Amino acid sequence: MSDSRPIGVFDSGAGGLSVLKALVKELPNESFIYFADSANCPYGSKPKDEIIALSSAITDFLISMGCKVIVVACNTATAAAIDWLRENYSVPFIGMEPAIKPAALNTKSKSIGVLATAGTFKGRLYIETSHKYASDVNVCYQVGEGLVELVEQGIENTHEAEDLLLKYVKPMLECNIDQLVLGCTHYPFFKPLLEKILPPNVEIIDPSPAVAKQVLKVLVENQMLLDNSVDSTYHTFYSSGSTDVLKVLVSKIEEETGCELRNRVFFDTFIVPVS
Ligand code: DGL
C-alpha cells in the first residue's frame, strides 16, 4: 500500500527546518507541510500549559490538512507536549530525542556539553535520558539564551552570534568536553560558526538524521510509506509570522542537500487559533 498523504512538521519557528533537511534526504519522495509558529516564538521560556495549547492547535491544523504523521521538530515542544499529544490524538507523533546517548557512548574525555532551551532541560525526556545514559560522564549543560532569536532574524552568521556562542561553549571547554549535543533544532544553523570556534576534537551532534530514520521506521510500521516517486510531491510552508527567513533557509537546504523541494508554496501570518 502506498500513502501519498503529507508528513506534518512543526516548530516554534524556522529551527525545525534543520529537521526537514534530514527528512527530505531520508524521504525524498514524500510531501511535507511545515508550520512555523513564528508569532509565538520562542517557546523556550513559556509555561508547559501554553506550549501544549499551541502544539495542540497546530496539530489540529496539520490533521485538517490530511497529515499522516506529525514530526514535533522542536525539542522544547517535545519536552512539554509530546506525552499529552500522544494521549489525545491517534495520529503517530515523532519527537526530538536529546542526543545524550550517542554523546555519552562516543566521549573519550568523559565530559559532554549540551546546549538547549530552559524548557528542554526541564522535560522528562532530558532528565530520563541523562540518568539512563550519562550517569558516568560529566554533563556540562547550558541554556542558549538569545540564540533562537538570532536564527529567526536571519542573523545566525554574525559577530554577535559568534560572541554569544563563545560565551556558552567556554565553560564547556573548561570542562574538557569532546562532544557537543545540539538540543534545540535552531542550533544546527550555527554549525559553521561552532566548527570555527570549537577545537577539532569536539564532535557536534545534531539528532535530526536519527529522527528522520525514526520517521521512516514509523511510516513502514504503519504501512504509510509512499513507495514510489510521484510528480505530485509538494512542500508547503506556513508561518504564523513572516515566511522571509523560511524562504532563505529552504533555499540553503536545497543547495546543501541537492534535493529539490518541489511545488513549494509559502503562506504568511497564518494564525492557528488556540481554544
Ligand atoms: N527549535 C526549538 C527547540 O528545538 C526552539 C525553542 C524555542 O522556541 O525557544 O527547542
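**Considering the pattern of salt bridges**
Oppositely charged side chains may form a pair once their charged atoms are brought near each other. Inspection of every chain in the model, using the stated rule, returns 12 salt bridges. Two residues, Lys217 and Glu221, come together in a salt bridge whose shortest N-O distance is 3.6 Å. Of the two residues, Lys217 and Glu221 are both situated in helix H10 (residues 208-221); the distance of four residues between them amounts to about one turn of the helix. Assessed through its relative accessible area of 46%, Lys217 is described here as partly exposed. On the basis of relative accessible area, Glu221 is assigned to the exposed category, the value being 53%. Across the salt bridge formed by Glu254 and Arg264, the nearest N and O atoms sit 2.8 Å from each other. Pair noted here: Glu254 is in helix H11 (residues 244-257) and Arg264 is in strand S10 (residues 264-267), with a separation of 10 residues, a long-range link. Glu254 sits in the buried class, given a relative accessible area of 15%. Linked through salt bridges whose partners overlap, the residues forming this network are Asp83, Arg124 and Glu128.

**As for the site of the ligand**
Surrounding the ligand, one finds 14 residues, the nearest of these being Ser12, Tyr43, Gly44, Thr76 and Thr185. Within the contact set of the ligand, an oxygen atom lies 2.6 Å away from a side-chain nitrogen or oxygen of Ser12. At 2.6 Å, a side-chain N or O of Thr76 approaches an oxygen atom of the ligand. Considering the ligand on its own, with 290 Å² of exposed area, one finds that the protein chains cover 99% of that surface.

**Topic: helix H8 (residues 159-174)**
Taking 1.5 Å per residue, 16 residues should reach 22 Å; H8 reaches 22 Å between its end C-alpha atoms and fits that length. The largest bend in H8 is about 30°, located at Tyr168, with the proline Pro171 one to four residues further on. Inspection of H8 places Ala161, Glu162, Leu164, Leu165, Tyr168, Val169 and Met172 among the buried residues, and these make up the whole buried set. Tucked into the core, H8 has its buried residues touching strand S5 (111-116), strand S6 (138-143), helix H7 (147-152), strand S7 (179-183) and helix H9 (191-197).

Cut-offs and rules
Residues numbered from 1 in each chain as written. Predicted model: local features only at pLDDT ≥ 70, side-chain atom pairs only at ≥ 80, totals over all residues. Heavy atoms only, no water. Salt bridge = Lys/Arg side-chain N within 4 Å of Asp/Glu carboxyl O. Helix = DSSP H or I, 4+ residues; strand = E, 2+ residues; numbered from the N terminus. Buried < 20%, exposed > 50% of the residue type's maximum accessible area, 1.4 Å probe, protein only. Near = heavy atom within 4 Å. Polar contact = N/O pair within 3.5 Å; in protein donor to acceptor, adjacent residues only side chain to side chain. Areas by Shrake-Rupley, 256 points an atom, 1.4 Å probe, with all protein chains shown as cover. Expected span 1.5 Å × (residues − 1). Bend = angle between axes of the 7 residues up to and from the residue. Contact = heavy atoms within 4.5 Å.

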